[in-house]
Every structure is written in structure tokens, then in C-alpha cells.
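Structure at a glance
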Amino acid sequence: MTVASIDGAKRFEMDEPPTSFPATQPDGSPLKPITRILLERRATISFASDEVPDDVLETILRFGAQAPSGYNLQPWRFIVVRDRQNRARLQRVAFNQAKISEAPVVIIGVGLKESWRKEAERIFREGARRGAGRLEDVEQKVAQAVKALEQERADVWVTRQTAIALTTMMLVAEAYGFDTVLMEGFDAEGVRREFGLPSDAEVVGLLAIGRMRGEEKPYPGRLPLCEIVFKERYGEPWTEAKGSPERRIQKADMSPDER
């Protein structure tokens, strides 16, 4: 495609960043700040039957779509499964995990290993139209992206990208007071067959969203930073920062679950 034809091509509409979304949790409570989200989120073992409101679900999906991806190619697709019979079908090809039929919403996260190629020019052109690059460089950028990604294993690359989007959805759900679990246990071919996935689809994960039933899982602990973080090179111990007292979060300002 020539520069002239790119310039004269029909504008492809794409979503803008979300600007209208619920300002509180459904019960009117404030949205959780990111620190509480990261400290309180747990993988949910069992779900109650409480529904996820449509506006909250739409917000979870919209913010998930804002997740970063390599070259902004967004090689993910998501199937929202809410119908009881369809959740039962999904449960049968996911090792019969009860939480799939319990949760009111399960999102199947899929990475497309080849179909992104058809979208690459459209995405780069739209980016240039919005100021992220120049129209005359679109063809070159597409070629560079294709060349670079041909050096990657397609299944690994789309899994990385889609996992970021699923994680974003999981954290947004927590902000609105909903519980989640991201499942890796499923028969990928069974999911492909039951839900009509294209041949290049990589099933990345199943994200169940709802309200927890039963007691909160206890905090399981994390390895200390001195064992998992290194300074400048592998094996060089990381030294924990010694911040001034006024910059540290005081226990009195934290919820009991955060202490």
C-alpha cells in the first residue's frame, strides 16, 4: 500500500480510553486503591451465586483491553461465559472444577498466533493518525514488527500478552470488590472445540469472577526480596531501602488484613 492510499484510506475506529465507569463499588464503598488490591487479592476457591453487575463487568473488560502489548498488536480475544449451560460445558473441559459453574462470569482468554498479522497495518495506521508515528512509516513499522515476531515462538508470545490483559481484569475486579481466580487447568482442545475457537487460537487462561463463598484464604507468605531480587547482576544481593519514617505506611493507616 502506498503512502497516498494510506492517507486516503477509510478511518478505522478504535476505542478511546475509558472515561465513564462506576466511581464506587456496587454497595457504594470506595474503590480499593492499588496497594489494597495487591495485598488483598486471593485466588478464590468457591463462589457464591451473586451476579456481577453489567456496568462493572463492562468496566473490567474495557480496562483489560487497555493492557499493554508488544507493538500494541493486542493479539488477545476474550469470550465472556455467563450462561449456566455454557459454564457447565466449560467445566467439563476444565477438569470439572466446580468454581467454573459456581462463578457467575468466566472469561476465556485466548491469544491469536497468526491473526494479528491481519490487524497490524490497521493498528499502526491508527497509531500514526493519533500521533504515535508517521503515516509514511507505517509499512516499514509493520515489516519490522513481523520480522521481529517471526523470531519468537508464537504460542509463548501471545501467552505473555494475553496474561497481562487477564491480570489487569483480575485487579480491576478486585478494585470493585469482586473475587477472582485465574485458572490454568483445562483441556485446550476441548475448550477450542466447545467454544468454536479459530485454528490459531492459544487458550491462555480462564478468569472466574464473582463473590467469594466461605472464608478468605489466609495470606500464604512470599519469599523475601533478598532472595528474589538482585542488584545490577544475578547473585548480587538487593539491599532493602531504609526509607524515612514519614514516608512509610503506618500500621494505623492500614486495614487489619494488610497488617
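Here the structure is a predicted model, which is why all the values come from computation and not from measurement. Within any chain, residue numbers begin from 1 and follow the written order of that chain's sequence. Restriction of local features to residues with pLDDT of at least 70 applies here, the model being predicted, together with a cutoff of 80 or more for giving and counting side-chain atom pairs; totals for whole chains, interfaces and linings are based on all residues. Excluded from the side-chain calculation are hydrogens and water; included are all heavy atoms of the structure.

**Describing the overall build of the protein**
Counting from the N terminus, the helices are DSSP H or I runs at least four residues long and the strands are E runs at least two residues long. For the protein, the count of helices and strands is 10 helices and 4 strands. The N-to-C order of helical and strand elements in the protein reads α-α-α-β-α-α-β-α-α-α-β-α-β-α. Note on exposure labels: buried denotes an accessible area under 20% of the residue type's maximum, exposed denotes more than 50%, and partly exposed covers the range between, all computed with a 1.4 Å probe on protein chains only. Across the 259 residues that make up the protein, the buried fraction comes to 36%. A sequence separation of at least 24 residues applies to 79% of the contacts in the protein between residues at least 6 apart. Here, Shrake-Rupley sampling with a 1.4 Å probe gives the accessible areas, and only protein chains in the shown set may cover a residue. Summing over all exposed atoms, the protein offers an accessible surface of approximately 15,600 Å²; the carbon and sulfur share of this is 52%. What makes two residues a contact is simply this: any of their non-hydrogen atoms within 4.5 Å.

**A short note on the packing of helix α6 (residues 116-129) against helix α7 (residues 138-149)**
The relative placement of two packed helices comes down to the angle between their axes together with the axis-to-axis distance. Structural elements are reduced to axes, namely lines fitted to C-alpha atoms, with helices fitted over the stretch in contact, and the angle between N-to-C directions of any two is expressed from 0 to 180 degrees. For the pair α6 and α7, interaxial distance at closest approach is 9 Å and the crossing angle is 140 degrees. Considered as vectors, α6 and α7 are oriented oblique to each other. As for the relative orientation of α6 and α7, their crossing is right-handed in sense. Residues W116, R117, A120, E121, F124, R125 and A128 of α6 lie in contact with α7, whose contacting residues are V138, K141, V142, A145, V146 and L149. Of the residues contributing to the contact of α6 with α7, the split by class is 9 nonpolar, no polar and 4 charged. These descriptions rest on fixed angle ranges, namely under 35 degrees for roughly parallel, over 145 for roughly antiparallel, 65 to 115 for roughly perpendicular, and the rest for oblique. Rotating anticlockwise by less than a right angle from the far helix to the near helix defines a left-handed crossing, while the corresponding clockwise rotation defines a right-handed one. Following the grouping adopted for this structure description, the nonpolar residues are Ala, Val, Leu, Ile, Met, Phe, Trp, Tyr, Cys and Pro, the charged ones are Asp, Glu, Lys and Arg, and the polar ones are all others, Gly among them.

**A look at α6**
To estimate how far a helix should reach, multiply one less than its number of residues by 1.5 Å. The end-to-end C-alpha separation of α6 is 19 Å, in line with the 20 Å expected for 14 residues at 1.5 Å each. Among the residues of α6, those classed as buried are W116, A120, I123, F124, R125, E126, G127 and A128. A positive backbone phi angle near 100 degrees is found at G131, which sits one or two residues after α6.

**A look at the confidence of the model for the protein**
Here pLDDT means the predictor's own confidence in every residue, given as a number from 0 to 100. Overall, the predicted model of the protein reaches an average pLDDT of 91, with 89% of residues at or above 70. Of the regions scoring below 50 in pLDDT, residues 1-11 engages in 15 contacts with residues more than four places distant in sequence or in other chains.

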